[in-house]
Amino acid sequence: MAETNDMTAGLQRHLVLVGMMGAGKTAVGKALAARLGVPFLDSDAEIERAAAMSIAEIFARDGQSFFRARETEVLSRLLDGPPGVLSTGGGVFLSDTNRALIAEKGVSVWLRAEPDLLWSRVRHKATRPLLRTADPRGTLEQLCAERRPSYEQAELAVDCAPEVPIEAMVDRVIAALRAHPGILEDAT
C-alpha cells in the first residue's frame, strides 16, 4: 500500500532518475514527486520546450552531438533549482560531465530494467530516434549492453519488473532512498 507522507522538507538533494528509455523514469518520477510534495522536472521535455521541436526533430536536424550538448546545459540549469525529482533522457548518464553534475547536486537513481520489459514499452513508439534502425530490438539490446557500465555508477539502483505498478515502484525508490542517510529525511 502506498505511503502518503508530506516529506517536502525532507528532500535534501535532487533525485535524478536515470536509465534506459522505457524504464519508467517519467511515470515513476511524476508519482514520486507527487508523493514527496516536490517539483517534477523532465530534462527531455525542457529541451523540447526550449528548442520548440521534438527530440527526434533535433536529432534529425542537428545530430546527436548537438543534442547531447544541449542536454548538459539543460541538466545544469535544472539542478540549480530547489530539490525535486528529475527525469532524464536515457543518454544523460553516459557523460562524465553529467554524472559529475548529478553527483554534486543530487543523487542518481537507476531504474534498472531488462531489455524484454523495455522493448514491450517502447516498440510501438515512433518518438525514439535511436531505435530508427533496421533492427530496433537489436539496437535496444545493444544500447542496454553499452550503457550498463555507466548506469552502474548510479548511487542507487531500483529494479523494475512488468508486474510492478507505478505506485509500488515509488515505494521501492523511497525505500532505497531511506536506506542511504542524507538523501531523504521525514519532515514529520
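See the structure above.
As a starting point, this report considers the structure included with it. (Residues numbered from 1 in each chain as written. Predicted model: local features only at pLDDT ≥ 70, side-chain atom pairs only at ≥ 80, totals over all residues. Heavy atoms only, no water.)

## Remarks on the packing of aromatic side chains
Scanning the entire structure with this criterion turns up 2 aromatic pairs. Between Arg70 and the ring centre of Phe66, over which it is positioned, the NZ or CZ distance is 4.5 Å. The cationic tip of Arg112 hangs over the ring face of Trp110; the distance from NZ or CZ to the ring centre is 5.1 Å. (Phe/Tyr/Trp six-rings, centres within 6.5 Å; stacked < 30°, edge-to-face > 60°. Lys NZ or Arg CZ within 6 Å of the ring centre and 35° of its normal.)

## A few points about the pairing of strand E4 (residues 106–112)
For a regular strand, side-chain orientation follows a simple rule: the groups alternate between the two sheet faces. The element E4 is extensively covered by neighbouring structure, given that 6 of its 7 residues are classed as buried. Alignment of strand E1 (residues 14–18) against E4, held across 5 bridges, turns out to be parallel. Along E4, the bridge assignment pairs Val16 with Ser108. (Buried < 20%, exposed > 50% of the residue type's maximum accessible area, 1.4 Å probe, protein only. Helix = DSSP H or I, 4+ residues; strand = E, 2+ residues; numbered from the N terminus. Pairing = 2+ DSSP bridges.)

## Some thoughts on helix H7 (residues 166–178)
With 13 residues, H7 ought to run about 18 Å at 1.5 Å a step, and its terminal C-alpha atoms sit 18 Å apart, in line with that. Every buried residue belonging to H7 is among Met169, Val170, Val173, Ile174, Ala176 and Leu177, and all of these are buried. Considered in projection along H7, the buried side chains sweep an arc of 160° and stay on one side of the axis. Each element contacted by the buried residues of H7 is listed here: E1, helix H1 (25–36), E4 and strand E5 (156–159). (Expected span 1.5 Å × (residues − 1). Arc of directions from axis to C-beta. Contact = heavy atoms within 4.5 Å.)

## A closer look at the sheet that holds strand E3 (residues 85–87)
The strand order E2-E3-E1-E4-E5 describes an open sheet built from 5 strands, whose pairing is parallel. Each end of this open sheet is capped by a strand with a single partner; those strands are strand E2 (40–42) and E5. Strand-to-strand twist across the sheet, computed as the mean angle between neighbouring axes with direction ignored, equals 25°. Pairing analysis gives 3 bridges linking E2 to E3, with the strands arranged parallel. Paired with Phe40 across the strands is Val85, a residue of E3. In this fold helix H4 (residues 96–105) packs onto E1 and E4, with an angle of close to 120° to the strand it touches most, E4. Sitting on the sheet, H7 is in contact with E1, E4 and E5, with an inclination near 155° to E5. (Axes fitted to C-alpha atoms, helices over the stretch in contact; angles between N-to-C directions.)

## Quick notes on the packing of H1 against H7
Packing of H1 against H7 leaves a shortest axis separation of 9 Å and a crossing angle of 65°. One finds that H1 runs roughly perpendicular with respect to H7. Considering only the axes of H1 and H7, their crossing is right-handed. Along the contact surface, H1 presents Ala27, Val28, Ala31, Leu32, Arg35 and Leu36, while H7 presents Ile166, Glu167, Met169, Val170, Asp171, Val173 and Ile174. Classifying every residue of the contact of H1 with H7 gives 10 nonpolar, no polar and 3 charged. (Parallel < 35°, antiparallel > 145°, perpendicular 65-115°, else oblique. Left-handed = near helix turned anticlockwise from the far one by under 90°. Nonpolar A, V, L, I, M, F, W, Y, C, P; charged D, E, K, R; others polar.)

## Considering unusual backbone geometry
Excluding glycine, most residues fall at negative phi; most peptide bonds, likewise, are trans. You will see that Ala52, though not glycine, has its phi angle at about 55°, which is positive. When its relative accessible area of 70% is taken as the criterion, Ala52 is described as exposed.

## Describing the packing of helix H2 (residues 43–51) against helix H3 (residues 55–79)
Look at H2 against H3: their axes get within 9 Å of each other, and the N-to-C directions meet at 115°. Where H2 crosses over H3, the handedness of that crossing is right-handed. Contact residues: H2 offers Ser43, Asp44, Glu46, Ile47, Glu48, Arg49 and Ala51, while H3 offers Ile55, Ile58, Phe67, Glu71, Val74, Arg77 and Leu78. Class assignment for the residues of the contact of H2 with H3 results in 7 nonpolar, 1 polar and 6 charged.

## Details of the pattern of salt bridges
Enumeration according to the criterion identifies 14 salt bridges in this entry. Arg70 is the partner of Glu73 in a salt bridge, and the nearest nitrogen-oxygen pair spans 2.8 Å. Of this pair, Glu73 and Arg70 both sit in helix H3, 3 residues apart, roughly one helical turn. Of the residues examined, Arg70 reaches a relative accessible area of 25% and is grouped as partly exposed. Note that Lys105 and Asp80 form a salt bridge whose closest N and O atoms lie 2.2 Å from each other. One end of the pair, Lys105, is in helix H4; the other, Asp80, is in the loop between H3 and E3, with 25 residues separating them in the sequence. Residues joined by salt bridges that share partners form a network here, namely Arg35, Glu167 and Asp171. (Salt bridge = Lys/Arg side-chain N within 4 Å of Asp/Glu carboxyl O.)

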